[in-house]
Amino acid sequence: MGEVDVSGSKNAALPVIAASLLNKGTVELKNCPQIRDVTVMLEILKHLGAKVYDNQQSLFLDTSEITSCVIPENLMHEMRSSVMIAGALIGRKGCAKFTYPGGCEIGSRPINMHLKAFQKMGVEINETNDKIECKVQKLIGTKITLSFPSVGATENMMLASVLAEGETVIHNAAREPEIVCLQNFLNSMGGRICGAGSHTIFVQGVKVLHDTSFEVIPDRIEAGTYLCMVAGCGGEVKLNHVNSNHLQEVIRQLKKMNCQIGVSPKHIFLKSNANLYPTIIKTMPYPGFPTDMQSQFVTALSIAKGTSYVMENIFENRYKYVKELMKMGAQIVVQGKTAMVRGVKKLKNAQIEAKDLRGGAALVEAALMAEGISTITGIPYIERGYENLTKKLTILGAKIKEE
Ligand code: EPZ
């Protein structure tokens, strides 16, 4: 039995840090996770002229002087979600220059919806090779219907419209908790946004924003990852500082898989004897089952008593970790979007390689579930999104050595 304090949400902190560019002053952010992706986002802000102070409890972002519109190419490629800075830069300065973030380990990750939305607000976009230049005299509010509830496109629209003239309405908006968090942050700076968490978001443009102090929501994917690890290994865990409301579909599936779960608003208790039942999972936009939990569930299900089916409907290339699991004796067949997972008695230790963030976390889970000692390479992928992973797992009884 061990307790884990869940950190602040990576996928909430990143858009909130980008949004701080819209304020000519200083904001205080609490509960930001100390992870690589946040460090990269802060590097970009400093490159643009911001000053960053970190006193371990809070981040202070002084964005009084933003002297550039150019997002550095190397940082764009290091972290695709830096495209969210574009919306904030356009909102703040009427310009943004960046390179196509490019695909990554889980898919091509286009930004067509982001660019189409900017154009509808009057932004002029010039593309040469993989460079994109956006400029606009005055952002005008507009009505947009997203062809897919894209998290990033919804967030970029919110960032570009909060200081625009008039009202912007985003139909078929993403409904993730991180979108609600961004709305709450922007409103705490004087923005006028409502509807986040529903299919339609309304943004009333304002002239100026002001300083604020704001706490980032807990990381629901980090929380779900620890629940999956204990489910697969057997044992007990109590998660603190979590928002259990954000994990309803994850909890429902874990109960179906024979885990005992107790829930209060800020805590989740899980007990597992690792005698897991198979299940069927389809990843969907929130509040459906989160794609960021797909690899961790496939790993736990690799030792279930029967065959499970997992369908990945969000990204086109999110099964890279399966080859590594099969080195450990997992019996998984991937056909198109669907992974068929035939449960085996036990996984075997192996030398395995992480190739993306969540797939890497799933391999750590597999190594903990397996007999013997496994070696995992590609750890920097995992450090992008999990704060103090080794320390937190050691509290839960894991034996981990980092080299
Ligand atoms: C966010 O990525 C998250 N990242 C992802 O988490 C998460 O998996 C994803 O949302 C879905 O929930 C951050 O918040 C930083 P999308 P994002 O736009 O915004 C396609 C993690 O592990 N699409 O909702 O990039 C896209 O290719 C990361 O923490 C377009 O076609 O996701 C994908 O297939 C991984 N055109 C689908 O939509 C566009 O213009 C969903 O993408 C934009 C997206």
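None of these values were measured; they are calculated from a predicted model.

A.B. asks: Any details on the overall build of the chain? Residues and values, ideally.
C.D. replies: When helices and strands are counted, the chain shows 14 helices and 21 strands. Taken against the 2.2 N^0.38 rule, which gives 22 Å for 403 residues, the C-alpha radius of gyration of the chain at 21 Å falls within 12% of a compact globule. Each of the three principal axes of the chain carries a C-alpha extent, and together these read 65 × 40 × 40 Å. Classification of the 403 residues of the chain by burial places 57% in the buried group. Look at the contacts in the chain between residues 6 or more apart in sequence, and 70% of them connect residues 24 or more apart. For the chain, the exposed surface amounts to about 16600 Å²; the carbon and sulfur share of it is 51%. The average position of the 45 basic charges and that of the 38 acidic charges among the side chains of the chain differ by 5 Å.

A.B. asks: How would you sum up the pairing of strand 11 (residues 200–204)? Please name residues and give values.
C.D. replies: On strand 11, burial follows the alternation: Ile201 and Val203 on one face are buried, whereas Thr200, Phe202 and Gln204 on the facing-out side are not. Bridge count for strand 9 (residues 167–171) against strand 11 is five bridges, and the pairing is antiparallel. The residue bridging Val169 from the neighbouring strand is Phe202, located in strand 11. The pairing of strand 10 (residues 192–194) with strand 11 spans three bridges and is classified as antiparallel. Bridge pairing links Ile193 to Val203 in strand 11. Following strand 10, the chain reverses through five residues before pairing antiparallel with strand 11; Gly195 in that reversal takes a positive phi of roughly 100 degrees.

A.B. asks: Tell me what's going on with the site of the ligand, and back it up with residues and numbers.
C.D. replies: Neighbouring the ligand are 22 residues, the closest being Asn112, Met113, Ser150, Asp292 and Ile314. Between the ligand and Ile314 there is a distance of 2.6 Å, counted from an oxygen atom to a backbone nitrogen or oxygen. Burial of the ligand by the protein chains amounts to 87% of its free accessible area of 820 Å². Counting only elements with at least two residues in the shell around the ligand, the list comes to helix 1 (10–19), helix 5 (112–120), helix 6 (151–161) and helix 12 (357–369). Element by element, the count of residues in the shell around the ligand is highest for helix 5, at three residues. Here the residues of the shell around the ligand sort into nine nonpolar, seven polar and six charged. Counting residues domain by domain, the shell around the ligand receives three or more from each of domain 1 (8–215) and domain 2 (220–395).

A.B. asks: Describe the state of the cysteines, and please don't skip the residues or the numbers.
C.D. replies: Throughout the structure, instances matching the rule amount to one disulfide. Note on cysteine connectivity: Cys69 is disulfide-linked to Cys95, with sulfurs 1.7 Å apart. Judged by the torsion about the S-S bond (45 degrees), the Cys69/Cys95 disulfide is right-handed. Within this pair, whereas Cys69 is found in the loop between strand 4 (58–62) and helix 3 (73–78), its partner Cys95 is found in strand 5 (residues 95–99), the two being separated by 26 residues in sequence.

A.B. asks: Please provide a residue-by-residue account of the domain arrangement of the chain, values included.
C.D. replies: Once the domains are mapped, the chain shows domain 1 (8–215) and domain 2 (220–395). A straight line from the C-alpha centre of domain 1 to that of domain 2 covers 30 Å. Taken together, the contact pairs 18 residues of domain 1 with 22 residues of domain 2. Roughly 1800 Å² is buried in total at the junction of domain 1 and domain 2, and carbon and sulfur atoms are behind 54% of that figure. When the buried surface of domain 1 facing domain 2 is broken down by residue, Glu105, Ile106 and Pro177 rank first, second and third, together holding 37% of it.

A.B. asks: Describe the sheet that holds strand 14 (residues 260–264), naming the residues involved and giving the relevant values.
C.D. replies: Reading across the sheet, the four strands line up as 1-13-15-14 and stay open at both edges, with mixed pairing between neighbours. Strand pairing shows two members of the sheet lacking a second neighbour, strand 1 (2–5) and strand 14, which therefore form its edges. Looking at each pair of strands side by side, their axes are set apart by 15 degrees on average, direction ignored. With five bridges joining them, strand 13 (residues 235–240) and strand 15 (residues 267–272) adopt antiparallel strand pairing. Pairing of Gly235 across the sheet is with Ser272, part of strand 15. Lying on the sheet, helix 8 (residues 220–233) is in contact with strand 1, strand 13 and strand 15; it crosses strand 13 at an angle near 170 degrees. Set on the sheet, helix 9 (residues 248–256) makes contact with strand 14 and strand 15; between it and strand 14 the angle comes to about 155 degrees.

A.B. asks: Please give an account of the packing of helix 1 against helix 2 (residues 36–47) that cites residues and values.
C.D. replies: Axis separation between helix 1 and helix 2 bottoms out at 10 Å; the angle between their running directions is 5 degrees. As far as their axial angle goes, helix 2 and helix 1 are roughly parallel. On the side of helix 1, the interface is formed by Lys10, Ala13, Leu14, Ile17 and Ala18, while helix 2 contributes Asp37, Val38, Met41, Leu42 and Leu45. Broken down by class, the residue content of the contact of helix 1 with helix 2 amounts to eight nonpolar, no polar and two charged.

A.B. asks: An account of helix 12 is requested, with residue identities and associated values reported.
C.D. replies: Relative to the 18 Å expected for 13 residues at 1.5 Å per residue, helix 12 spans 19 Å between its end C-alpha atoms, a close match to the ideal helical length. Along helix 12, 12 of the 13 residues are buried, which leaves the element largely enclosed by surrounding structure. Those residues of helix 12 that fall on the buried side of the exposure criterion are Leu357, Arg358, Gly359, Gly360, Ala361, Ala362, Leu363, Val364, Glu365, Ala366, Ala367 and Met369. The N-cap residue of helix 12 is Asp356: its side-chain oxygen and the backbone nitrogen of Arg358 are 3.2 Å apart.

A.B. asks: Account for empty space enclosed by the protein, with residues named and values stated.
C.D. replies: Counted according to the given criterion, the structure contains one cavity of 30 Å³ or more. In this structure, the largest cavity encloses a volume near 40 Å³. Taken together, the elements giving at least two residues each to the lining of the largest cavity come down to helix 1 and helix 8. Considering only residue class, the lining of the largest cavity consists of one nonpolar, two polar and six charged. No fewer than three residues from each of domain 1 (8–215) and domain 2 (220–395) sit in the lining of the largest cavity.

Rules behind the numbers
Residues numbered from 1 in each chain as written. Predicted model: local features only at pLDDT ≥ 70, side-chain atom pairs only at ≥ 80, totals over all residues. Heavy atoms only, no water. Helix = DSSP H or I, 4+ residues; strand = E, 2+ residues; numbered from the N terminus. Rg over C-alpha atoms; globule rule 2.2 N^0.38 Å. Buried < 20%, exposed > 50% of the residue type's maximum accessible area, 1.4 Å probe, protein only. Contact = heavy atoms within 4.5 Å. Areas by Shrake-Rupley, 256 points an atom, 1.4 Å probe, with all protein chains shown as cover. Lys, Arg positive; Asp, Glu negative; His and termini not counted. Charge placed at Lys NZ, Arg CZ, Asp CG, Glu CD. Pairing = 2+ DSSP bridges. Near = heavy atom within 4 Å. Polar contact = N/O pair within 3.5 Å; in protein donor to acceptor, adjacent residues only side chain to side chain. Nonpolar A, V, L, I, M, F, W, Y, C, P; charged D, E, K, R; others polar. Domains from an automatic or database assignment. Disulfide = S-S within 2.5 Å. Buried area = accessible area lost by both parts, 1.4 Å probe. Axes fitted to C-alpha atoms, helices over the stretch in contact; angles between N-to-C directions. Parallel < 35°, antiparallel > 145°, perpendicular 65-115°, else oblique. Expected span 1.5 Å × (residues − 1). 1 Å grid on protein atoms, 1.4 Å probe; cavity = no way out; pocket = protein on both sides within 12 Å on 5 of 7 lines; lining within 4 Å. Points joined across faces, edges and corners; volume = space filled by probe spheres on them.

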